[in-house]
Amino acid sequence: MEPSATPASSPAAFAPPSGFRLLPGFLDAEAQRHMAAAILAVLEQAPGYHATMPKTGKPMSVAMSNAGRFGWYSDREQGYRYIERHPVTGRPWPAIPEPVLDVWRAAAGFGHEPECCLINLYRDAAKMGLHQDRDEADFSAPVVSISLGDEALFRLGGTTRRDPTRSFRLASGDVLVLGGASRLAFHGIDRVLPGTSRLIPGGGRINLTLRRVTRP
Ligand code: MD6
Ligand code: FE
């Protein structure tokens, strides 16, 4: 796919790193409803929390939770890491719902199951700064992401922070794969477009990112 143009001030041509795949409309409306219900059930067991930035302790605007053996977490003292229990309830994370595993099996092209499903919940003006996913032990497995609910402006760059970036819309049901060279591409969410979907009760957007954490 060809990402749409960014502001004309963009200093250099943008080419998505290889291994980047956008699968628009991967989930139909019924599959989206089914998956949203499964994720809301996970959130009942493992409520969203606001992780805090390493060193500064500034809370992230996105609420997070996890399913799977490992959950991604961050706080001021110990920074970004994976933990095996919910930071507030102390319970192990719920299992990754089967329909979510099915997306990984179909899209990842990797012969081992994911170990983490990070749930990002965007309400109101929540956004996510440009980052790399690099807290995992092995970058040979891709990261597979699933978007549910309101549309978002996703920004994708290269493997250094200075590389040119492009933004494009992610809609409910879209699946994105960062594999190969794009596995370590910088990316973030500039903003969510409120009212573009009715999938999530109370509005907003849920993004699921599926990863391997350990080496198989
Ligand atoms: C989001 N996504 O879509 C944030 N990371 O809300 C990510 O941070 C992400 O979509 C790695 C691979 C795919 C992603
Ligand atoms: Fe990410």
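The structure presented is a predicted model; accordingly, all values stated were derived computationally and were not measured. (Residues numbered from 1 in each chain as written. Chains lettered and ligands numbered in written order. Predicted model: local features only at pLDDT ≥ 70, side-chain atom pairs only at ≥ 80, totals over all residues. Heavy atoms only, no water.)

Caption draft 1: Structural view of the site of ligand 1. Contacts to ligand 1 come from 14 residues, most closely from Tyr122, His131, Ser145, His187 and Arg205. A distance of 3.2 Å separates an oxygen atom of ligand 1 from a polar atom in the side chain of Asn207. Considered on its own, ligand 1 offers 340 Å² of accessible surface; in the complex 99% of this is hidden by protein. Among the elements of the structure, β6 (128-131), β7 (143-149), β10 (175-178), β11 (187-193) and β12 (205-211) are those that each provide at least two residues to the shell around ligand 1. Examining the composition of the shell around ligand 1, we find that 3 residues originate from one element, β12, more than from any other. (Near = heavy atom within 4 Å. Polar contact = N/O pair within 3.5 Å; in protein donor to acceptor, adjacent residues only side chain to side chain. Areas by Shrake-Rupley, 256 points an atom, 1.4 Å probe, with all protein chains shown as cover. Helix = DSSP H or I, 4+ residues; strand = E, 2+ residues; numbered from the N terminus.)

Caption draft 2: Seen up close, the packing of helix α1 (residues 29-45) against helix α2 (residues 98-107). Interhelical geometry of α1 versus α2 gives an angle of 120° and a closest axis separation of 9 Å. Between α1 and α2, the crossing angle belongs to the class labelled oblique. Contacts between α1 and α2 pair His34, Met35 and Ile39 from the former with Pro99, Val100 and Val103 from the latter. (Axes fitted to C-alpha atoms, helices over the stretch in contact; angles between N-to-C directions. Parallel < 35°, antiparallel > 145°, perpendicular 65-115°, else oblique. Contact = heavy atoms within 4.5 Å.)

Caption draft 3: Highlighting unusual backbone geometry. One non-glycine residue, Lys55, adopts positive backbone phi at about 70°. Position of Lys55 relative to the elements: it lies in the loop between α1 and β2 (63-67). Located in the positive-phi region is Asp124, a residue other than glycine, with phi close to 50°. Tracing the chain through its elements places Asp124 in the loop between β5 (116-122) and β6.

Caption draft 4: Region of the structure containing the pattern of salt bridges. Tallying each qualifying case throughout the model produces 12 salt bridges. Glu84 serves as the salt-bridge partner of Arg69, at 3.4 Å between the closest nitrogen and oxygen. Taken together, the residues Arg69 in the loop between β2 and β3 (71-73) and Glu84 in the loop between β4 (81-83) and α2 connect sequence positions 15 residues apart. Residue Glu84 is classed as partly exposed on the basis of its relative accessible area, which comes to 43%. Notably, a salt bridge pairs Glu151 with Arg169, separated by 2.6 Å at the nearest N-O pair. One end of the pair, Glu151, is in strand β8 (residues 151-156); the other, Arg169, is in strand β9 (residues 166-170), and 18 residues separate them in sequence. One salt-bridge network, in which partners are shared between bridges, spans Glu98, Asp102, Arg105 and Glu113. (Salt bridge = Lys/Arg side-chain N within 4 Å of Asp/Glu carboxyl O. Buried < 20%, exposed > 50% of the residue type's maximum accessible area, 1.4 Å probe, protein only.)

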